[in-house]
Number of protein chains: 2
Amino acid sequence: MTITSPHNERLKEIRKLARRRARDARGRFVAEGEDLVAAAAAAGWEPAQLIAAAGSGLAGEEIEPALLDGVSGLGSGTRTIGVYEQRWHAPAGPLCVALWGVGDPGNVGAILRSALAFGAASVALGPGCADPYGPKAVRASMGAVFAVPVARVAAVDELPGERVALVARGGEPLAGAPGGHVTLLVGAERAGLPPAVVAACDRATHIPIAADSLNAAMAATVALYELTRAPRMAGA
Amino acid sequence: MTITSPHNERLKEIRKLARRRARDARGRFVAEGEDLVAAAAAAGWEPAQLIAAAGSGLAGEEIEPALLDGVSGLGSGTRTIGVYEQRWHAPAGPLCVALWGVGDPGNVGAILRSALAFGAASVALGPGCADPYGPKAVRASMGAVFAVPVARVAAVDELPGERVALVARGGEPLAGAPGGHVTLLVGAERAGLPPAVVAACDRATHIPIAADSLNAAMAATVALYELTRAPRMAGA
């Protein structure tokens, strides 16, 4: 049974899930394209629904390609869309990345990707962050959203291990930051972490740079590298 | 004399410079918006021409806002546009970043930004790279294109210092890469550096990561951090 009507209930749901409010209410989200759908399957996520362009040979309920284009957030050319149940976890160590006020979904997705690359155990989203299950974040994560557990937190004391605030200036250089059980806290590009959040952390660290010119995703990636590289000079 | 005609020669030039061929032929490029124009001025770049929305109070030849919107690559809301002469330098050390086949202008711009942050002396663009003076690269550089000397190269032997190829697998871990006079070579996200380029380098290095999941700009940024951090464990 190929889907031939734009009023089909499955298509209606996909359209609704473009909005954060609908995602929050339904606890679902959308992943577009073969690469993301494959990343979900590789990570053991069963789609709640899966549609695929008629004639594409891809798994899923068949749909007329023009209708698929109509619900696609990427425009024409998408061949498959999956809908998944959101999964929210408790923030976990030994290495957790916590974001505060990182409102750009591209940055949230990029940080998920780096968290996966460097083996972080979870990414915790504090107040003011973009939805990791929004379409731009999912896309920017390149599928890492399916592989790295995400958490929602409201306060620093929910975070595991030693809490290390990444700041533009102050604290100690990154190379001296502790390894082991750590949550790395990262703020928004211009505003940085709120002072009360920095104050609630166990220590602050900065990336020694010549120009104040790294965005949140770049800074988080460098810090993840530093915290996971070996050998590290303890306390140096 | 406010510019009131879309056929004005200055506007014609700005429109043409959106295309790479025109930029290459004229040796000029465009920077849009107050932040970039200010970054140019701060770095000592005199605009070849500078236009500003009538009534904005900004420096430059006044232009009707609707006409400015018409030549803007960003759409409406731009208040100033500068045209600058391109500057090409010889690749210089002690720390040079060389790109091969990095065709995404956003990545080229982001790498310029990181090169500035970590104090690289120059960024060299090898075959197949996006134009650092294209509008997307200029924007992604956040003004770093005015602060970091850029070079064009055709072969590895034009690059200064010890040549270190950044590869996905193989070579030694990044932490063991040499400091001092180094050119770091970075390839495209999926393809990586061509084997002949890696072979022409003095050594290869990789970022130890769990998932093969860093884009060219992220990888270059991590490597710049590693090559410039102190203290480093020599040869570790």
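Residues numbered from 1 in each chain as written. Chains lettered and ligands numbered in written order. Predicted model: local features only at pLDDT ≥ 70, side-chain atom pairs only at ≥ 80, totals over all residues.

Chemist: Account for the overall build of chain A, with residues named and values stated.
Modeler: The helix and strand inventory of chain A stands at eight helices and eleven strands. The globule rule puts the C-alpha radius of gyration for 236 residues at 18 Å, and the 20 Å found for chain A is close to it. Principal-axis analysis of the C-alpha atoms places the extent of chain A at approximately 65 × 35 × 35 Å. Across the 236 residues in chain A, those meeting the buried criterion constitute 47%. (Helix = DSSP H or I, 4+ residues; strand = E, 2+ residues; numbered from the N terminus. Rg over C-alpha atoms; globule rule 2.2 N^0.38 Å. Buried ≥ 20, exposed ≤ 12 C-beta atoms within 10 Å, placed from the backbone.)

Chemist: Please set out the domain arrangement of chain A residue by residue, giving values where relevant.
Modeler: All names here are of chain A. Under the domain assignment used here, chain A contains domain 1 (9-85) and domain 2 (95-228). Look at where the C-alpha atoms of domain 1 and domain 2 centre, and you get two points 29 Å apart. Of the residues lining the interface, 13 residues belong to domain 1; the matching set on domain 2 comes to eight residues. For the side of domain 1 that touches domain 2, the elements supplying multiple residues, two or more each, are helix H2 (20-26), strand S1 (28-32) and helix H3 (34-42). By residue number, the principal contributor to the side of domain 1 that touches domain 2 is H3, which donates four residues. Here the side of domain 1 that touches domain 2 is composed, by residue class, of nine nonpolar, one polar and three charged. (Domains from an automatic or database assignment. Contact = placed C-beta atoms within 7 Å. Nonpolar A, V, L, I, M, F, W, Y, C, P; charged D, E, K, R; others polar.)

Chemist: Kindly report on the pairing of S1(A), identifying the contributing residues and their values.
Modeler: Residues and elements named next belong to chain A. Most of S1 sits out of view: four of its five residues are buried. Here five bridges tie S1 to strand S4 (residues 80-85), and the two strands are oriented antiparallel to one another. Within S4, the position partnered with Ala31 by the bridge is Gly82. (Pairing = 2+ DSSP bridges.)

Chemist: Mind laying out the environment of Arg169(A), listing which residues take part and the relevant values?
Modeler: The residue Arg169(A) is located in the loop between strand S8 (162-166) and strand S9 (172-173) in this model. Linking Arg169(A) and Ala204(A), residues 35 residues apart in sequence, is a C-alpha distance of 9.0 Å.

Chemist: Quick one: what's the story with the relation of the copies chain A and chain B, residue by residue and with numbers?
Modeler: Mapping chain A onto chain B calls for a rotation angle of 180° and an axial translation of 0.0 Å; the resulting RMSD is 0.0 Å. Overall, the copies show the geometry of a two-fold rotation axis. Taking the C-alpha atom as reference, chain A places Val222(A) closest to the rotation axis, 2.6 Å from it. The fraction of interface residues of chain A whose copies in chain B are also interface residues reaches 100%, indicating that both copies meet through the same surface. (Least-squares fit on C-alpha atoms with pLDDT ≥ 70 in both.)

Chemist: With reference to specific residues and values, describe helix H8 (residues 216-228) of chain B.
Modeler: With 13 residues, H8(B) should cover 18 Å at 1.5 Å per step; its first-to-last C-alpha distance of 18 Å lies within 8% of that length. Counting buried positions over the 13 residues of H8(B) gives twelve, a clear majority of the element. When H8(B) is considered as a whole, its buried residues turn out to be Ala216(B), Ala217(B), Met218(B), Ala219(B), Ala220(B), Thr221(B), Val222(B), Ala223(B), Leu224(B), Tyr225(B), Glu226(B) and Leu227(B). Buried residues along H8(B) sit in contact with helix H5 (105-117) and helix H8 (216-228) of chain A together with strand S5 (95-99), helix H5 (105-117), strand S8 (162-166) and strand S10 (182-186) of chain B. (Expected span 1.5 Å × (residues − 1).)

Chemist: Would you mind going over the nonpolar core in detail, with residue names and values included?
Modeler: Of all hydrophobic cores here, the largest spans 166 residues; its most connected members are Val97(A), Ala115(A), Leu185(A), Val97(B), Ala115(B) and Leu185(B). Every residue in contact with Val97(B), bar those within four places of it in the chain, is listed here: Ile111(B), Ala115(B), Ala120(B), Val123(B), Leu184(B), Val186(B), Ala220(B) and Leu224(B). (Core = buried A, V, L, I, M, F, W, Y, C linked by C-beta atoms within 7 Å.)

Chemist: Could you give me a rundown of unusual backbone geometry, with the residues and numbers involved?
Modeler: Residues and elements named next belong to chain A. Backbone torsion omega between Gly93 and Pro94 reads 15°, so that peptide bond is classified as cis. By the element assignment, Pro94 lies in the loop between S4 and strand S5 (95-99). Even without being a glycine, Met142 presents a positive backbone phi close to 55°. Note on placement: Met142 falls in the loop between helix H6 (135-140) and strand S7 (150-152). Met142 gets classed as buried once you count the C-beta atoms within 10 Å, which come to 20.

Chemist: Describe the interface of chain A and chain B, and please don't skip the residues or the numbers.
Modeler: On the side of chain B, 24 residues touch chain A, which itself brings 24 residues to the contact. If you list the elements that add at least two residues to the side of chain A that touches chain B, you get H5 and H8 of chain A. When its residues are assigned to classes, the side of chain A that touches chain B shows 18 nonpolar, four polar and two charged.

Chemist: Got a sec to walk through the packing of H5(B) against H8(B)? Specific residues and values, please.
Modeler: Residue and element names in this part refer to chain B. Interaxial distance between H5 and H8 falls to 9 Å at its minimum, and their mutual angle equals 15°. One finds that H5 runs roughly parallel with respect to H8. When you trace H5 past H8, the crossing you get is right-handed. Between H5, through Asn107, Ala110, Ile111, Ser114 and Ala115, and H8, the contact on the second element is made entirely by Ala216, Ala217, Ala220, Thr221 and Leu224. Broken down by class, the residue content of the contact of H5 with H8 amounts to seven nonpolar, three polar and no charged. (Axes fitted to C-alpha atoms, helices over the stretch in contact; angles between N-to-C directions. Parallel < 35°, antiparallel > 145°, perpendicular 65-115°, else oblique. Left-handed = near helix turned anticlockwise from the far one by under 90°.)

Chemist: How would you sum up the pairing of strand S11 (residues 203-206) of chain B? Please name residues and give values.
Modeler: Looking at chain direction, S8(B) and S11(B) are connected through three bridges and run parallel. Its bridge partner being in S11(B), Leu166(B) is matched across the sheet by Thr205(B).

Chemist: Explain the sheet that holds strand S3 (residues 61-63) of chain A to me, using residue names and the numbers behind them.
Modeler: Residues and elements named next belong to chain A. One open sheet accounts for four strands, arranged S1-S4-S2-S3; its pairing is mixed. The open sheet is flanked by S1 and S3, the only strands paired with a single partner. Neighbouring strand axes in the sheet, compared pairwise and without regard to direction, differ in orientation by 25° on average. Relative to S4, H3 is tilted by about 35°, and along the sheet it contacts S1 and S4.

Chemist: Would you mind going over the sheet that holds strand S11 (residues 203-206) of chain A in detail, with residue names and values included?
Modeler: Residue and element names in this part refer to chain A. Spatially, the seven strands line up as an open sheet ordered S7-S6-S5-S10-S8-S11-S9, and their pairing is parallel. Lying at the two open borders of the sheet, with one neighbouring strand each, are S7 and S9. Sheet topology note: the S8/strand S10 (residues 182-186) ladder contains four bridges and is parallel. Considered in S10, the bridge of Glu162 is made with Val182.

Chemist: So, the environment of Ala48(B): which residues are in play, and what are the values?
Modeler: Residue and element names in this part refer to chain B. The topology assignment puts Ala48 in the loop between helix H3 (34-42) and strand S2 (49-53). In this structure, the C-alpha to C-alpha distance between Ala48 and Tyr84, residues 36 residues apart in sequence, is 5.2 Å. Leave out the neighbours within four places in its chain, and Ala48 touches Arg28, Val83, Tyr84 and Glu85.

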